[in-house]
Amino acid sequence: MAQTTGGISFVNAKVEYGTGSGSFTDISGWANNVEVSGGERLAGEVYTADGDTGIVTFGKRTPVDVTYMCVFTEGSTDPFEKFRGYHQAADGTQIRLRWSPQGGAGTGKIAFTGTGKITAAPWLGGDAASPDPLTFSFTMRTAELLKGVTA
Amino acid sequence: MAKKRYLVKAGFLAFPDKNVHQGNEIELEATNPGTKVLLEAEAIEEIKEAKKEKE
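Fair warning: this is a prediction, and the values are worked out from it, not measured in the lab.

(A) Structural view of the sheet that holds strand β1 (residues 3-8) of chain B. All names here are of chain B. Sheet architecture is open: three strands sit in the order β4-β1-β5, paired in antiparallel fashion. Single-partner strands in this sheet number two, and they are β4 (25-29) and β5 (44-46). For this sheet, the mean inter-axis angle between neighbouring strands, taken without regard to orientation, is 45°. Bridge analysis of β1 against β4 gives five bridges, and the strand direction is antiparallel. Bridge pairing in β4 links Lys3 to Glu29.

Printed below as a string of structure tokens:
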């Protein structure tokens, strides 16, 4: 089997966010890393005295956590202040996250989106010994992610 | 530029300002290169009006 030539990286990714009903804001210029976890299907098991393997049954899919890591900047409309505000609003503001590994390069590229609220707050720490730009991260929990394409 | 109506077949289409989810209809410029890409990727499908039956 010939080796695929279709591998892609995250270097031209497009990373965005929006509120429940608003349009999306492109924060590719701040976003450093997108991490996804969860979404497993629950499984149960029981063993009986007879036989050597368990009886396995399956349940629902667990929520998905999406973590954005972004460069910290101080502007009032910059990502840090936006996400801090969404998290600290009464009851938390519902947000949508959307990212596409090649989304900055045109139409028809794979994209993912999910809707939820911030569960891990975007706070800011730092290390006086580090020369690196400060970053912050936050996590949004969503029931599931959808896969689509850029238009 | 002629616009045509399309059915979204992908999970969603990520427009700059919105997501249009599967099963919804959208209007796009038929000659737009991006529209052709989405058709080739089978992310959308043209909606053809049913012809009226002759009485």
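So, next bit.
(B) Examining the interface of chain A and chain B more closely. Each side of the interface is counted separately: chain A has 14 residues, and chain B has 15 residues. Looking at the side of chain A that touches chain B, the elements with two or more residues in it are β7 (95-100), β8 (110-120) and β10 (146-150) of chain A. Considering each element in turn, the side of chain A that touches chain B owes the most residues, five residues, to β10 of chain A. In terms of residue class, the side of chain A that touches chain B is made up of five nonpolar, seven polar and two charged.

(C) Representation of the nonpolar core within the structure. Of all hydrophobic cores here, the largest spans 30 residues; its most connected members are Tyr68, Leu97 and Val149 of chain A together with Ala10, Leu13, Ala14 and Ala43 of chain B. For this core, the elements supplying multiple residues, two or more each, are β1 (14-19), β6 (64-71), α1 (79-88), β7, β8 and β9 (135-142) of chain A together with β1 and β2 (12-14) of chain B. When sequence neighbours within four positions are dropped, the list of residues in contact with Leu97 of chain A reads Tyr17, Val66, Tyr68, Thr113, Gly114 and Met140 of chain A.

(D) Broad picture of the pairing of strand β4 (residues 41-46) of chain A. Residue and element names in this part refer to chain A. When you tally the buried positions in β4, you get zero out of six residues, a small fraction of the element. Note: β4 against strand β5 (residues 55-61), five bridges, orientation antiparallel. Bridge pairing links Ala43 to Phe58 in β5.

(E) How the structure looks around the environment of Ser23 of chain A. One can find Ser23 of chain A in the loop between β1 and β2 (25-26). When sequence neighbours within four positions are dropped, the list of residues in contact with Ser23 of chain A reads Gly18 of chain A together with Asp17 and Lys18 of chain B.

(F) Structural view of α1 of chain A. All names here are of chain A. The complete set of buried residues in α1 reads Pro79, Phe80 and Phe83. Along the axis of α1, the buried residues cluster in a sector spanning 95°; they form a single face. Facing away from the buried side of α1, by more than 90 degrees, are the exposed residues Gly85 and Gln88. As for α1, its buried residues are in contact with β6, β8 and β9.

(G) Quick look at the pairing of β9 of chain A. All names here are of chain A. Judged by which residues are buried, β9 turns out to be one-sided: Phe136, Phe138, Met140 and Thr142 face inward and are buried, whereas Thr135, Ser137, Thr139 and Arg141, on the alternate face, are not. Pairing of β6 with β9, which is carried by eight bridges, proceeds in the antiparallel orientation. Following the sheet pairing, Met69 is matched in β9 by Ser137. As paired strands, β8 and β9 are joined by four bridges and run antiparallel to one another. The partner of Ala120 across the bridge, within β9, is Thr139.

About the criteria used
Residue numbers run consecutively from 1 along every chain, following the written order of its sequence. Key to labels: chains lettered from A, ligands numbered from 1, both in the order written. Residue-level local features of this predicted model are given only where pLDDT is at least 70; pairs of side-chain atoms are given and counted only at 80 or more, and the full residue set underlies all totals for whole chains, interfaces and linings. Strands are treated as partners if at least two bridges between them are detected by DSSP. In this text, helices come from DSSP runs of H or I with a minimum length of four residues, and strands from runs of E with a minimum of two, each type numbered from the N-terminal end. Orientation is described by lines fitted to C-alpha atoms, with helices fitted over the stretch in contact, and by angles between N-to-C directions that extend from 0 to 180 degrees. Two residues form a contact once the distance between their C-beta atoms, set from the backbone, is within 7 Å. Side-chain classes are defined by residue name, with Ala, Val, Leu, Ile, Met, Phe, Trp, Tyr, Cys and Pro counting as nonpolar, Asp, Glu, Lys and Arg as charged, and the others, Gly among them, as polar. What makes a nonpolar core is a set of buried Ala, Val, Leu, Ile, Met, Phe, Trp, Tyr and Cys residues, with links drawn between C-beta atoms within 7 Å. In this scheme every C-beta is placed from the backbone, and a residue whose C-beta has 20 or more other C-beta atoms within 10 Å is buried, one with 12 or fewer is exposed, and one in between is partly exposed. Relevant arc is that of directions from the helix axis to the C-beta atoms, nothing else.

In short, shape yes, function no, at least from these values alone.
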